[in-house]
Amino acid sequence: TIRLFFSDTAVRIAVADDGRGFDVDLALAAAGNSVGLIGLQERTRLLNGRMDIRSEVGRGTQLTVEVPISIGGADGV
């Protein structure tokens, strides 16, 4: 399931599945130079956003990324 939400201040995308799941801490630690989860985490951080990954072996995964948005330029126009 993919859901996209907009507010006046942020955009949020939530992705969920009912797949095999995994140990999040182990996956992040083992990622090394991978562009997968670490790449998503870094890009989210560069956009001043936040990322949340929840997964459990045998129970699927939920990934949520939220980044602030600005309508118009720096002066709000």
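Residues numbered from 1 in each chain as written. Predicted model: local features only at pLDDT ≥ 70, side-chain atom pairs only at ≥ 80, totals over all residues. Heavy atoms only, no water.

**Re the side chain of Thr-61**
Formally: Strands here mean DSSP runs of E at least two residues long; helices mean DSSP runs of H or I at least four residues long; both are numbered from the N terminus. Each residue gets one of three labels from its accessible area relative to the maximum for its type: buried under 20%, exposed over 50%, partly exposed in between, using a 1.4 Å probe on protein chains only. Residue contacts follow a heavy-atom distance rule, with two residues in contact if any of their heavy atoms lie within 4.5 Å.
With respect to the element layout, Thr-61 can be found in strand E4 (residues 60-68). In this structure Thr-61 comes out as buried when scored by relative accessible area, which is 13%. What Thr-61 contacts, discounting residues up to four positions off in sequence, is Val-15, Ala-16, Asp-17, Gly-21, Phe-22, Ile-53, Arg-54 and Ser-55.

**A look at the packing of aromatic side chains**
Defined as follows: The criterion for an aromatic pair is that two Phe, Tyr or Trp rings (for Trp, the six-membered ring) have centres within 6.5 Å, with stacked assigned to planes under 30 degrees apart, edge-to-face to planes over 60 apart and tilted to the rest. Lysine NZ or arginine CZ positioned within 6 Å of the ring centre and within 35 degrees of the ring normal marks a charge as sitting over the ring.
Evaluation of the coordinates by the stated rule reveals zero aromatic pairs. In this structure, Arg-12 is placed above the aromatic ring of Phe-5, and the distance from its NZ or CZ to the ring centre is 4.5 Å.

**A few points about the sheet that holds strand E2 (residues 10-17)**
Sheet strands line up and pair through hydrogen bonds in the backbone, either parallel or antiparallel. Our working rule: When DSSP finds two or more bridges between a pair of strands, those strands are recorded as paired. A fitted line through C-alpha atoms serves as each axis, taken over the contacting stretch for helices, and the angle formed by two N-to-C directions is quoted from 0 to 180°.
Read from one edge to the other, the open sheet built from four strands follows the order E1-E2-E4-E3, with strand pairing classed as antiparallel. Bordering the open sheet on either side are strand E1 (2-6) and strand E3 (50-56), each of which pairs with just one other strand. Between one strand axis and the next, the sheet turns through 10° on average, direction left out of account. By the bridge criterion, five bridges tie E1 to E2 in an arrangement that is antiparallel. Following the sheet pairing, Leu-4 is matched in E2 by Ile-13. Lying on the sheet, helix H2 (residues 37-46) is in contact with E3 and E4; it crosses E3 at an angle near 150°.

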